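Coordinate analysis (summary)
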Amino acid sequence: MEQPSHDTSLDRPIVGVILGIKPMPLYRMNRYPRLKKLADANLEAKTTLTFFCVDDVDIFNKTINGTYYNYKTKRWEKKQFSYPDVVYVRGGSGKAIDNLLAEFDRLGIKKINPIHAFNKGDLYELLNQDENVRSYLPPTQNVQTMDEIRSMIRKQGTVYVKARRGRKGTKVMRIEKLRNNGYLYSYSILGYLVRKRVNTITDLEKAIKSFFGNRALIVQRAIDLVRVRNNRLCDFRAELQRNKQGEIDIVGVCVRVGRQNSPITTHSSAYRYDTHLKKIFPHYTNEQIEALKEKINTFLIDIYTGVEKNTESSEKSG
């Protein structure tokens, strides 16, 4: 039996990246260039990086049949690793992921990005209590009946219906009330775009029930996102954390441009924020671009402190 791999020359810490439930074939790793970028960053960080899924884990022997990038052969390969020292939750959700993370917690294994799914309705209600954050939030409602979705569509015109718990845009539907009667709805499943028109609210409700099943939902007014060529939505994704001094650090912001006509920017192209901002707003002067960056930074810090403060208060009260 091959021994679990540690980089014994330096006894480097092992960073494990969870990609989902079922093992991913090696050929598919090349479809995700961001995974290769993580491997490249790992060279600089001088850690041992392995990618794995829940079914790659041997809980009895505390080993992982992990995937790593071999720079000598220039290809993705498999080998056995010991349990990681740090886990980065990048993909997957559900009971199997929860159980594995609970096992890692029991063993004291640290997590990066530990919240892999959350209740959007609960988070909205918490943030809506914060006067510094409230003005940023689009009108949102936890759904108890179809009448509430119908009412929101009537008031707002265009809305998003989302599963309260979910990630990666897998359970998100955009609904638009058309001027010449009828409704246009769209959603994306693993990058495949579904876009259909129905004539009546009854037909729309059937489509909602078929897509979401019995999941708990929220309905939210659509944000007027920037659109670039070929009707592609554009948004920004940011990562913030506190540094060693306890100060909030905006680690990075990326620009995501969705696929043509897609209701979400998940499964999208990503660009550098500092260079792409001018391309999105070509009519802005350099001074206006800098002012926009300041506005974005203020927004990010307000949201971060709001989430931090209100989630801590919720945990204490719970």
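The coordinates are above.
These figures come from a predicted structure and were not determined experimentally. (Residues numbered from 1 in each chain as written. Predicted model: local features only at pLDDT ≥ 70, side-chain atom pairs only at ≥ 80, totals over all residues. Heavy atoms only, no water.)

Taking 1.5 Å as the rise per residue, helix α3 (residues 95–106) with twelve residues should run 16 Å; its terminal C-alpha atoms sit 16 Å apart, in good agreement. For α3, every residue scored as buried is listed here: I97, L100, L101, E103 and F104. The arc that holds every buried residue of α3, seen down its axis, measures 155°, which confines them to one face. Summarising the geometry of α3, the exposed residues directed more than 90 degrees from the buried face are K95 and R106. (Helix = DSSP H or I, 4+ residues; strand = E, 2+ residues; numbered from the N terminus. Expected span 1.5 Å × (residues − 1). Buried < 20%, exposed > 50% of the residue type's maximum accessible area, 1.4 Å probe, protein only. Arc of directions from axis to C-beta.)

The next thing to look at is the sheet that holds strand β13 (residues 183–189). The six strands are arranged β9-β15-β10-β12-β13-β14 in an open sheet whose pairing can be described as antiparallel. Strands at the two margins of the open sheet, each flanked by one partner only, are β9 (140–143) and β14 (192–198). Adjacent strand axes in the sheet meet at a mean angle of 20°, parallel and antiparallel pairs treated alike. Bridge count for strand β10 (residues 158–163) against strand β12 (residues 172–177) is five bridges, and the pairing is antiparallel. Within β12, the position partnered with Y160 by the bridge is R174. Packed on one face of the sheet, helix α4 (residues 120–127) meets β9, β10 and β15 (217–221) and runs near 140° to β9. Against the sheet, helix α5 (residues 146–156) engages β9, β10, β12, β13 and β15, with an angle of about 160° to β9. (Pairing = 2+ DSSP bridges. Axes fitted to C-alpha atoms, helices over the stretch in contact; angles between N-to-C directions. Contact = heavy atoms within 4.5 Å.)

Core analysis: the biggest nonpolar cluster contains 22 residues, and I149, V161, M173, I175, Y185, L204 and I208 have the highest contact counts within it. Only α5, β10, β12, β13, β14, α6 (201–212) and β15 provide two or more residues apiece to this core. Of all the elements, α6 adds the most residues to this core, at six residues. Membership of the second largest hydrophobic core comes to 14 residues, among which are C234, L240, V257 and I289. (Core = buried A, V, L, I, M, F, W, Y, C linked by side-chain atoms within 4.5 Å.)

Right, let's talk about α5 for a bit. Residues M146, E148, I149, M152 and I153 constitute the buried set of α5. The buried residues of α5 occupy an angular sector of 160° when projected down its axis, which confines them to one face. Looking at α5, the residues exposed on the side facing more than 90 degrees away from the buried face are D147, R154 and K155. Buried residues in α5 make contact with β9, β10, β12, β13, α6 and β15. G157, located one to two residues past α5, shows a positive phi value of around 85°.

Relative to the elements of secondary structure, D11 occurs in the segment before β1 (14–18). Classification of D11 as exposed rests on a relative accessible area of 54%. Each C-alpha atom, one on D11 and one on T47, is 8.9 Å from the other, the two residues being 36 residues apart in sequence.

Bringing unusual backbone geometry into the picture now. With a phi close to 55°, K62 is a non-glycine residue in the positive phi region. Tracing the backbone through its elements, the reader meets K62 in the loop between β3 (57–58) and β4 (63–70). Residue classification places K62 among the partly exposed positions, given a relative accessible area of 36%. The backbone phi angle of N181 is positive, close to 75°, even though this residue is not glycine.

With respect to the helices, strands and loops of the structure, R174 is situated in strand β12. Within the structure, R174 has its side chain in polar contact with the side chain of E176 (distance 3.3 Å). (Polar contact = N/O pair within 3.5 Å; in protein donor to acceptor, adjacent residues only side chain to side chain.)

Before going further, it helps to examine the packing of aromatic side chains. Here the structure, examined in full by the defined rule, presents ten aromatic pairs. A centroid spacing of 4.1 Å and a plane angle of 25° characterise the contact between Y187 and F211, whose relative ring orientation is stacked. Of this pair, Y187 sits in strand β13 while F211 sits in helix α6; the two residues are 24 residues apart in sequence, bridging distant segments of the chain. The exposure class of Y187 is buried, given its relative accessible area of 14%. (Phe/Tyr/Trp six-rings, centres within 6.5 Å; stacked < 30°, edge-to-face > 60°.)

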